[in-house]
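Take a look at the letters that make up each chain.
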Amino acid sequence: MKQRKKALITLAVFAALIAIYLIISNIAGEEDPAASSSAPTKTVSLISLKKTDVDTMTFKTNDPVQSEMTFKQKLNEEGASDGWILTGSSSTAGTSGSAGDEDLDIVTSMVDSMALGVYSLTAAEKLSDAPEDLAQYGLAPPRAFATAVYADGASKTVMIGKQTPSQEHYYMMLEGDPALYTLESYSGDRFFNTLNSIINKSLSSINVQDLRYVYLAERGKPEIELTYEPEEDEITEQMEAAGMIVLAMSKPIEGREIYLSNFIDRYLETDSTYSLYLDECVDARPDGLAQYGLDDPALELVLRDAENELAITIGDGQNEENYYCMVAGRPYVYSISKSSVQLLFGVDIFKFIARFVALEQINDVESISLQVGPELPAGPELPAGPEL
């Protein structure tokens, strides 16, 4: 009897617990949607316009370098954006511009990103309605700011301070608004772009398996010039099918041939695409090239495949890590990593010159004769070979 009573009590307690659980679950299920829909958001929309509303914009940085750039937006006949004109720039970072920079080759996508900061700006959070000490936020004076003049004549200035301790945000204010906001770091970074950031630093990549032309000139050494001149014969087809592509040499020894694979393996160190990367734009308006060692270059390189050309001139060393350089067709002085071009110095043609005197189908050869003596015509004068 006692055992039956004990079992009934246990069952009653268990049933009560289930009922309580169901009630709590039902209440929670009813409250969750309302709670999530009414959850407050911290973000604050500060500027909400269209890109085409911007007429001109000026970006200034005070830290870590002093820089100023002014852009005017171009609109096509339909009123859509057609890029930006850099109407003036200055910098203390070594990159110099001038008051008439309309012809500078700037990366439009970079300027488009900067423009977002003056026509579509959302703060991560509003920290204070009226902060007392702006210096502690890097806003007295601001580290960077941007002023936009819109098509209707109105203007706004965004002021950027230092980063928060977590490095995830910048402190920010709008001119005329006493409130203090934070801005996501990836959005704040665009306010610190300089002329170096937006000048085109791209270089063509070369398909080395389709290399058609090589020119290499190192200061004080014979020029090297190689050209792909395919011959439509069975031997050439068989050699190229086996990867033995031959380039004809015009300098320094005219008429000789080299195997492309030997040159690629030793000096380009790639079996597919050869690419170089510029480090930064040092001078957008160079006043003479002698100061960079580019009036008498240390190295000139031209590589050309069926579609692209890479032509670069190397000057003196900028520092222990970089050389000054220029790219064909551009007036700017850049810097490039020494390690990326070091193999191109001291090229030895004897390392990749073809050693075959003749290569014929054996079935076509009737006889072989070798004549040695003073009556032979003198051959071309060869550069000094490597020491044995």
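From a predicted model like this one, the values you see are computed outputs, not experimental measurements.

Before we move on, can you summarise the overall build of the protein with the specific residues and values?
Across its full length, the protein holds seven helices and 21 strands. Split into buried and exposed, the 388 residues of the protein put 37% on the buried side. For the protein, the exposed area adds up to about 22800 Å²; of that, 51% sits on carbon and sulfur atoms.

Just give me the short version of the packing of aromatic side chains, but keep the residues and values in it.
As enumerated under the stated definition, the model contains six aromatic pairs in all. Here the aromatic rings of Tyr332 and Tyr334 are separated by 6.1 Å at their centres, their planes lie at 85°, and the arrangement is edge-to-face. The same class applies to Tyr332 and to Tyr334, which are both buried. Lying over the aromatic face of Tyr323, Lys338 brings its terminal NZ or CZ to 5.3 Å of the ring centre.

Describe the pairing of strand β13 (residues 224–227), and please don't skip the residues or the numbers.
Two elements, strand β12 (residues 213–218) and β13, share four bridges in a ladder whose sense is antiparallel. When the bridges of β13 are listed, Tyr213 appears paired with Thr227. Bridge count for β13 against strand β14 (residues 246–251) is three bridges, and the pairing is antiparallel. Bridge pairing in β14 places Glu225 opposite Lys251.

Lay out the state of the cysteines with the relevant residues and their values.
Enumeration over the complete set of coordinates arrives at zero disulfides. Distance from the sulfur of Cys281, which forms no disulfide, to the nearest cysteine sulfur (Cys325) is 9.8 Å. For Cys281, a relative accessible area of 0% translates into the label buried. With relative accessibility at 0%, the residue Cys325 sits in the buried group.

Residue-level account of the side chain of Ser185, with values.
Tracing the sequence through the fold places Ser185 in helix α3 (residues 185–188). Apart from residues lying up to four places away in sequence, Ser185 is in contact with Gln163, Gln167, Glu168, His169 and Tyr170.

Thresholds applied
- Residues numbered from 1 in each chain as written.
- Predicted model: local features only at pLDDT ≥ 70, side-chain atom pairs only at ≥ 80, totals over all residues.
- Heavy atoms only, no water.
- Helix = DSSP H or I, 4+ residues; strand = E, 2+ residues; numbered from the N terminus.
- Buried < 20%, exposed > 50% of the residue type's maximum accessible area, 1.4 Å probe, protein only.
- Areas by Shrake-Rupley, 256 points an atom, 1.4 Å probe, with all protein chains shown as cover.
- Phe/Tyr/Trp six-rings, centres within 6.5 Å; stacked < 30°, edge-to-face > 60°.
- Lys NZ or Arg CZ within 6 Å of the ring centre and 35° of its normal.
- Pairing = 2+ DSSP bridges.
- Disulfide = S-S within 2.5 Å.
- Contact = heavy atoms within 4.5 Å.

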